[in-house]
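Structural overview for review
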Amino acid sequence: MKRWPIELWPARLPRVQQLPVRLWLKQAQALLMRLRLPLPQWLRRLGWRRITAVVLLAGIVHICATLAAPMLSSRHAYLLVRDKLPANRMVVLPPQSPGNQLLPYVSPHMLYAVCRYDLSGGPVIVTATVADAGWALSLHAAQGDNFYVMPGQPLRRTDVSLLVIPSGPEGALIQKRDTAETPIVSPTPEGLIVLRAPLRGLAWSAEADAVLQRATCTQVRP
Amino acid sequence: MRLLRKVLVNLAVLVPAAALLGLGTAWYMIQAGSRLSTRTVGPWVTWSAAGRSDADPYTRAHVAWNAMLPVSSTSELSFRAKTDSSGSRLTSACDYAIVMEEFEPAWWGLAVFDGDGKLIANPAERHGFTSSTAMREPDGRTVIILARDARPGNWLPSGRSNRVVLVLTVQDSSWAAAIHDGSAAKALPEVVRTGCR
């Protein structure tokens, strides 16, 4: 078995010969030589300075790509429904079926009312009733992050009235005013409001549909 | 000059290799997940922080890239199974029995999709079962048969699509808590392959 290359620091760089890092590298090399790791031939040929550089650079790329992925996504929920739904209007969707599906993997066991909001023209008032357990009113940023949810409680109807406002100074000004609605700051100027009702059988579907139809989503002047 | 050429050659080889490695691992962690971001019970996988404000970057990227609208609720979780309980990929060429034994959450819904997340067209217009619509066996178990052709009992058509994905939604706060705190001892349904054509 080949050992690790002895020379870790270029001999042509005399000024750094005395740096502590060189000593540290020597120690690390000695440790690796003792371990006699069964590395493949091509990796040993590359040399571990190059391998370390690749791993460090790959780590930086990995972190940057992961953090940037939500912003760079071309298929997040808002983009997929933008052309299907009007802005700032609650739309009750028909039951999900093949060819009539709002989003991938969306549950066929739920009925949905969806409002695609755009706060560029002003805040949006949402009113809805969360009728029972399994129901939920959820607000999602453009990338899908859920920043507000009102889950249903068993045998308890909850009427919800929200004022969705933009973040930043404009939103702060609106927040200072006295409003009957609960102000909710949206992290993005666009997003989705979803009211969903579980399909618990045909006997309940008409009632659930009526509650969904009563939900509203209206833009108001700032 | 020789040193410069050596540096340039190294950069030309190492930088693309590092970029490829970094992007590849990021893509894997975002799409497939790891123990950092997912909880796995048998073939069922859930992104336990999906929708939460404190979600990790992998979960946030997964949500964005898969057009998900997760609800950050302590009472509901959504699991996906792309394989059966033995680890083989689910396919419509095979029949499966999804056996729910001692599986008693307040409410559950099981739906079947193709590999792209689309509902599968079938003459029965059936895309899933819930705890209210599935029939129980005399011994209390619930068995759902995932198959291309009609079967007696709870038949869930898998159509002609090659890859099949099962999505199980569970509404039960104790279940959700067990998954969130990592003590997910409660067994989720088994997915047993019963035959292939």
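The shown structure was predicted, so the numbers you read here are calculated from the model rather than taken from an experiment.

What counts, and where the lines are drawn
- Residues numbered from 1 in each chain as written.
- Chains lettered and ligands numbered in written order.
- Predicted model: local features only at pLDDT ≥ 70, side-chain atom pairs only at ≥ 80, totals over all residues.
- Heavy atoms only, no water.
- Helix = DSSP H or I, 4+ residues; strand = E, 2+ residues; numbered from the N terminus.
- Areas by Shrake-Rupley, 256 points an atom, 1.4 Å probe, with all protein chains shown as cover.
- Pairing = 2+ DSSP bridges.
- Buried < 20%, exposed > 50% of the residue type's maximum accessible area, 1.4 Å probe, protein only.
- Contact = heavy atoms within 4.5 Å.
- Salt bridge = Lys/Arg side-chain N within 4 Å of Asp/Glu carboxyl O.
- Axes fitted to C-alpha atoms, helices over the stretch in contact; angles between N-to-C directions.
- Parallel < 35°, antiparallel > 145°, perpendicular 65-115°, else oblique.
- Buried area = accessible area lost by both parts, 1.4 Å probe.
- Polar contact = N/O pair within 3.5 Å; in protein donor to acceptor, adjacent residues only side chain to side chain.
- Nonpolar A, V, L, I, M, F, W, Y, C, P; charged D, E, K, R; others polar.
- Core = buried A, V, L, I, M, F, W, Y, C linked by side-chain atoms within 4.5 Å.
- pLDDT = per-residue confidence, 0-100.
- Disulfide = S-S within 2.5 Å.

Each helix and strand in chain A was counted, giving six helices and nine strands. Carbon together with sulfur atoms contributes 61% to the accessible area of chain A, which is approximately 12200 Å² in total.

Take the pairing of strand E2 (residues 44-47) of chain B next. Residue and element names in this part refer to chain B. Alignment of strand E1 (residues 38-41) against E2, held across four bridges, turns out to be antiparallel. Residue pairing across strands places threonine 38 opposite tryptophan 47, the latter belonging to E2. In this structure, E2 lies alongside strand E3 (residues 76-81), joined through two bridges in antiparallel fashion. Bridge pairing in E3 links tryptophan 44 to alanine 81.

In this section: the environment of glutamine 96 of chain A. Among the structural elements, glutamine 96 of chain A can be located in the loop between strand E1 (90-92) and strand E2 (110-118). Classification of glutamine 96 of chain A by relative accessible area gives buried; the value is 5%. With 15 residues separating them in the primary sequence, glutamine 96 of chain A and leucine 111 of chain A have C-alpha atoms 7.7 Å apart. Excluding anything up to four places from it in sequence, glutamine 96 of chain A contacts Gln101, Leu102, Val106, Ser107, Pro108 and Tyr112 of chain A together with Leu119 of chain B.

Evaluated as defined, the whole model comprises eight salt bridges over all chains. Note that aspartate 145 of chain A is salt-bridged to arginine 60 of chain B, the shortest N-O span being 2.4 Å. With aspartate 145 of chain A in the loop between strand E4 (136-141) and strand E5 (146-151) and arginine 60 of chain B in helix H2 (residues 57-65), this residue pair bridges two chains. On the accessibility criterion, arginine 60 of chain B (32% relative accessible area) is partly exposed. Across the pair arginine 197 of chain B and aspartate 95 of chain B runs a salt bridge whose closest N-O atoms are separated by 3.3 Å. Residue arginine 197 of chain B is found in the segment after strand E10 (190-196), and its partner aspartate 95 of chain B is found in strand E4 (residues 94-100); the two are separated by 102 residues along the sequence. With a relative accessible area of 48%, arginine 197 of chain B lands in the partly exposed category. Within the structure, one salt-bridge network assembled from shared partners comprises Asp95, Asp149, Arg151 and Arg197 of chain B.

Next up on the list: the packing of helix H1 (residues 2-31) of chain B against H2 of chain B. All names here are of chain B. Contact geometry for H1 and H2: axes closest at 8 Å, N-to-C directions at 80°. The pairing of H1 with H2 is recorded here as roughly perpendicular in orientation. Counting all contacts with H1, which are made through Trp27, Met29, Ile30 and Gln31, the residues of H2 involved are Tyr58, Ala61, His62 and Trp65.

The next point concerns unusual backbone geometry. Phi at tyrosine 105 of chain A takes a positive value of approximately 60°, unusual for a residue other than glycine. The residue tyrosine 105 of chain A is located in the loop between E1 and E2 in this model. Overall, tyrosine 105 of chain A belongs to the buried group, its relative accessible area being 15%. Although it is not a glycine, glutamate 125 of chain B adopts a positive phi angle of roughly 50°. Within the element layout of this structure, glutamate 125 of chain B appears in the loop between strand E5 (107-114) and strand E6 (128-130).

Let's shift gears to the interface of chain A and chain B. On the side of chain B, 53 residues touch chain A, which itself brings 43 residues to the contact. The largest share of the area that chain A buries against chain B comes from His62, Tyr105 and His109 of chain A, three residues that together contribute 20% of it. Inspection of the chain A/chain B interface yields two salt bridges. For the salt bridge of glutamate 76 of chain B with arginine 196 of chain A, the shortest nitrogen-to-oxygen distance reads 2.6 Å. Between chain A and chain B we count 16 residue pairs in polar contact (both at pLDDT 80 or more) in total. Only helix H3 (48-72), helix H4 (77-81), E4, E5 and strand E8 (190-198) of chain A provide two or more residues apiece to the side of chain A that touches chain B. Looking at the side of chain A that touches chain B, the element that brings in the most residues is H3 of chain A, giving 12 residues. Its residues placed into classes, the side of chain A that touches chain B shows 22 nonpolar, 15 polar and six charged.

Moving on, we come to the nonpolar core. Note on soluble globular proteins: their nonpolar side chains tend to be buried together. Ranked by size, the top nonpolar core spans 29 residues in total, and within it Trp44, Trp108, Leu110, Leu166 and Leu168 of chain B carry the most contacts. Elements that contribute at least two residues to this core include exactly E3, E4, E5, strand E7 (142-147), strand E9 (164-171) and helix H3 (173-180) of chain B. Counting 27 residues, the second-largest nonpolar core is a separate cluster that includes Val130, Leu162, Ile193 and Leu195 of chain A.

With that settled, consider the confidence of the model for chain A. Mean pLDDT over chain A works out to 84, with 88% of the residues at or above the 70 mark. Per-residue pLDDT stays below 50 along residues 1-9 of chain A; that stretch engages in 29 contacts with residues further than four places along the chain or on separate chains.

Attention now goes to the sheet that holds E10 of chain B. Strands in a sheet are paired, the pairing made by backbone hydrogen bonds, and the direction either parallel or antiparallel. Residue and element names in this part refer to chain B. Spatial ordering of the open sheet is given by E8-E7-E4-E10, a layout of four strands whose pairing is mixed. In the strand order of this sheet, the two ends are held by strand E8 (154-157) and E10, each with one partner. Averaged over all pairs of adjacent strands, the angle between their axes in this sheet comes to 25°, without regard to strand direction. Inspection of the sheet shows E4 paired to E7 by five bridges, in the antiparallel sense. Residue pairing in the sheet places tyrosine 96 in a bridge with leucine 146 of E7.

What follows deals with the state of the cysteines. One pass over the full model with this rule turns up two disulfides over all chains. Each sulfur in the disulfide pair cysteine 115 of chain A and cysteine 217 of chain A lies 1.9 Å from the other. One end of the pair, cysteine 115 of chain A, is in strand E2; the other, cysteine 217 of chain A, is in strand E9 (residues 216-219), with 102 residues separating them in the sequence. The residues cysteine 115 of chain A and cysteine 217 of chain A share a single accessibility class, namely buried. Each disulfide pairs two cysteine sulfurs, and for cysteine 94 of chain B the partner residue is cysteine 196 of chain B, the sulfurs being separated by 1.9 Å.

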